[in-house]
Amino acid sequence: AIMKRFLVFLAIVLISNTLIAKNKANPKIFVYYFYITQRCATCINIENTTKKVLEQFYKAKMDKGSILYKAINIDLPENKEISEKYKVYGSTLLLVKVVNDTETIEDMTNFAFGKIHHEAIFTQGLREKNDQLLK
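Worth saying up front: this structure is predicted, and the values here are computed from it rather than measured.

Spatial ordering of the open sheet is given by β2-β1-β3-β4, a layout of four strands whose pairing is mixed. Looking at strand neighbours, the two that pair on one side only are β2 (67–73) and β4 (102–107), the edges of this open sheet. For this sheet, the mean inter-axis angle between neighbouring strands, taken without regard to orientation, is 20 degrees. Sheet analysis places strand β1 (residues 28–35) next to β2, joined by seven bridges and oriented parallel. Each residue of the ladder has a partner; that of I29, found in β2, is I67. This element, helix α2 (residues 41–57), spans β1, β2 and β3 (92–99) of the sheet and lies at about 165 degrees to β2.

The structure is reproduced here in C-alpha coordinates:
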(Lines give C-alpha, C1' and ligand atoms only; values in the text may rest on other atoms or scores of the structure.)
Protein backbone atom coordinates (compact mmCIF):
# COMPACT_ATOMS: atom_id res chain seq x y z
CA ALA A 1 0.00 0.00 0.00
CA ILE A 2 2.86 2.39 0.80
CA MET A 3 4.58 1.58 -2.50
CA LYS A 4 1.33 2.15 -4.42
CA ARG A 5 0.85 5.55 -2.74
CA PHE A 6 4.48 6.45 -3.44
CA LEU A 7 4.07 5.57 -7.16
CA VAL A 8 0.88 7.63 -7.40
CA PHE A 9 2.66 10.55 -5.68
CA LEU A 10 5.65 10.19 -8.02
CA ALA A 11 3.37 10.15 -11.07
CA ILE A 12 1.62 13.33 -9.87
CA VAL A 13 4.96 15.08 -9.31
CA LEU A 14 6.25 14.09 -12.76
CA ILE A 15 3.04 15.18 -14.50
CA SER A 16 3.01 18.48 -12.58
CA ASN A 17 6.64 19.22 -13.46
CA THR A 18 6.02 18.41 -17.12
CA LEU A 19 3.03 20.75 -17.22
CA ILE A 20 4.98 23.51 -15.46
CA ALA A 21 7.94 23.12 -17.84
CA LYS A 22 5.66 23.06 -20.87
CA ASN A 23 3.85 26.18 -19.61
CA LYS A 24 7.14 28.01 -18.99
CA ALA A 25 8.38 27.35 -22.54
CA ASN A 26 5.28 28.96 -24.07
CA PRO A 27 6.18 32.48 -25.12
CA LYS A 28 3.99 35.26 -23.85
CA ILE A 29 3.72 38.43 -25.87
CA PHE A 30 2.87 41.66 -24.11
CA VAL A 31 1.66 44.34 -26.49
CA TYR A 32 2.09 47.65 -24.69
CA TYR A 33 0.82 50.93 -26.05
CA PHE A 34 2.19 53.77 -23.92
CA TYR A 35 0.69 57.23 -24.24
CA ILE A 36 0.49 60.61 -22.53
CA THR A 37 -2.73 62.29 -21.42
CA GLN A 38 -2.69 64.87 -24.24
CA ARG A 39 -3.08 62.71 -27.35
CA CYS A 40 -3.16 63.44 -31.06
CA ALA A 41 -5.44 61.71 -33.57
CA THR A 42 -2.54 59.60 -34.85
CA CYS A 43 -1.76 58.29 -31.35
CA ILE A 44 -5.38 57.34 -30.80
CA ASN A 45 -5.48 55.69 -34.24
CA ILE A 46 -2.39 53.59 -33.43
CA GLU A 47 -4.02 52.38 -30.20
CA ASN A 48 -7.36 51.58 -31.84
CA THR A 49 -5.84 49.86 -34.87
CA THR A 50 -3.47 47.79 -32.71
CA LYS A 51 -6.44 46.63 -30.61
CA LYS A 52 -8.40 45.85 -33.79
CA VAL A 53 -5.56 43.77 -35.27
CA LEU A 54 -5.12 41.81 -32.03
CA GLU A 55 -8.84 41.14 -31.66
CA GLN A 56 -9.24 40.20 -35.32
CA PHE A 57 -6.23 37.89 -35.71
CA TYR A 58 -5.18 36.85 -32.20
CA LYS A 59 -8.40 36.60 -30.20
CA ALA A 60 -7.88 32.93 -29.28
CA LYS A 61 -4.31 33.62 -28.11
CA MET A 62 -5.52 36.64 -26.12
CA ASP A 63 -8.32 34.60 -24.53
CA LYS A 64 -5.74 31.93 -23.63
CA GLY A 65 -3.42 34.56 -22.16
CA SER A 66 -0.47 33.98 -24.50
CA ILE A 67 -0.90 37.53 -25.85
CA LEU A 68 -1.74 40.37 -23.49
CA TYR A 69 -2.58 43.89 -24.61
CA LYS A 70 -2.33 46.90 -22.36
CA ALA A 71 -2.68 50.63 -23.02
CA ILE A 72 -0.74 52.59 -20.40
CA ASN A 73 -1.00 56.30 -19.63
CA ILE A 74 2.57 57.21 -18.61
CA ASP A 75 1.39 60.43 -16.95
CA LEU A 76 -0.31 58.47 -14.17
CA PRO A 77 1.80 57.84 -11.04
CA GLU A 78 0.82 54.15 -10.90
CA ASN A 79 2.45 53.64 -14.33
CA LYS A 80 5.77 55.30 -13.45
CA GLU A 81 7.59 52.05 -12.74
CA ILE A 82 6.70 50.30 -16.02
CA SER A 83 7.38 53.51 -18.00
CA GLU A 84 10.86 53.74 -16.49
CA LYS A 85 11.50 50.02 -17.00
CA TYR A 86 10.95 50.38 -20.76
CA LYS A 87 12.36 53.94 -20.92
CA VAL A 88 9.26 55.40 -22.60
CA TYR A 89 8.55 59.12 -22.60
CA GLY A 90 5.68 59.45 -25.03
CA SER A 91 3.59 57.51 -27.47
CA THR A 92 5.29 54.11 -27.79
CA LEU A 93 4.24 50.73 -29.18
CA LEU A 94 6.24 47.80 -27.80
CA LEU A 95 5.95 44.07 -28.34
CA VAL A 96 7.64 42.27 -25.47
CA LYS A 97 8.22 38.52 -25.71
CA VAL A 98 8.81 36.79 -22.38
CA VAL A 99 10.30 33.28 -22.27
CA ASN A 100 11.60 31.93 -18.97
CA ASP A 101 11.74 35.47 -17.54
CA THR A 102 13.89 36.71 -20.46
CA GLU A 103 12.43 39.62 -22.43
CA THR A 104 12.88 40.35 -26.11
CA ILE A 105 11.65 43.88 -26.85
CA GLU A 106 10.54 45.00 -30.30
CA ASP A 107 9.97 48.73 -30.51
CA MET A 108 7.30 49.23 -33.18
CA THR A 109 6.89 52.98 -32.55
CA ASN A 110 8.60 54.34 -35.69
CA PHE A 111 6.90 51.69 -37.80
CA ALA A 112 3.51 52.55 -36.26
CA PHE A 113 3.83 56.29 -36.88
CA GLY A 114 5.15 55.69 -40.39
CA LYS A 115 2.48 53.21 -41.48
CA ILE A 116 -0.67 53.97 -39.45
CA HIS A 117 -2.18 55.97 -42.31
CA HIS A 118 -1.90 52.84 -44.49
CA GLU A 119 -3.96 50.44 -42.38
CA ALA A 120 -3.29 47.35 -44.53
CA ILE A 121 0.48 47.87 -44.32
CA PHE A 122 0.29 48.59 -40.58
CA THR A 123 -1.82 45.45 -40.02
CA GLN A 124 0.52 43.27 -42.08
CA GLY A 125 3.65 44.57 -40.32
CA LEU A 126 2.19 44.16 -36.85
CA ARG A 127 1.04 40.63 -37.67
CA GLU A 128 4.42 39.66 -39.14
CA LYS A 129 6.29 40.87 -36.05
CA ASN A 130 3.79 39.22 -33.70
CA ASP A 131 3.97 35.91 -35.61
CA GLN A 132 7.78 36.06 -35.57
CA LEU A 133 7.77 36.55 -31.78
CA LEU A 134 5.26 33.73 -31.26
CA LYS A 135 7.61 31.15 -32.85
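Having seen the structure, we can now continue with the description.
Below, the discussion takes up α2. Taking 1.5 Å per residue as the helical rise, α2 with its 17 residues ought to reach 24 Å, and the 24 Å between its terminal C-alpha atoms agrees with that figure. For α2, the elements touching its buried residues are β1, α3 (59–64), β2, β3, α5 (109–115) and α6 (119–134).

One finds V31, Y33, I67, L93 and L126 to be the most contacted residues of the largest nonpolar core, which totals 20 residues. Secondary structure elements with two or more residues in this core: β1, α2, β2, β3 and α6. Not counting residues within four places of it along the chain, the set of residues in contact with L93 comprises V31, Y32, Y33, I46, T50, E106, D107, M108, T109, A112, F122 and L126. Core analysis: the next-biggest nonpolar cluster, separate from the first, contains nine residues, Y32, F34, I72 and V96 among them.

Another aspect to go through is the side chain of S83. When you line up the elements, S83 lands in helix α4 (residues 80–85). In this structure, S83 is in contact with F34, I74 and V88, ignoring residues within four places of it in sequence.

This next bit is on the pairing of β1. With six of eight residues buried, β1 is to be regarded as a mostly interior element. Here β1 runs beside β3; their pairing, made up of seven bridges, is antiparallel. Opposite Y32, over in β3, you have L94 as the bridge partner.

Calculation notes
- Residues numbered from 1 in each chain as written.
- Predicted model: local features only at pLDDT ≥ 70, side-chain atom pairs only at ≥ 80, totals over all residues.
- Heavy atoms only, no water.
- Pairing = 2+ DSSP bridges.
- Helix = DSSP H or I, 4+ residues; strand = E, 2+ residues; numbered from the N terminus.
- Axes fitted to C-alpha atoms, helices over the stretch in contact; angles between N-to-C directions.
- Contact = heavy atoms within 4.5 Å.
- Expected span 1.5 Å × (residues − 1).
- Core = buried A, V, L, I, M, F, W, Y, C linked by side-chain atoms within 4.5 Å.
- Buried < 20%, exposed > 50% of the residue type's maximum accessible area, 1.4 Å probe, protein only.

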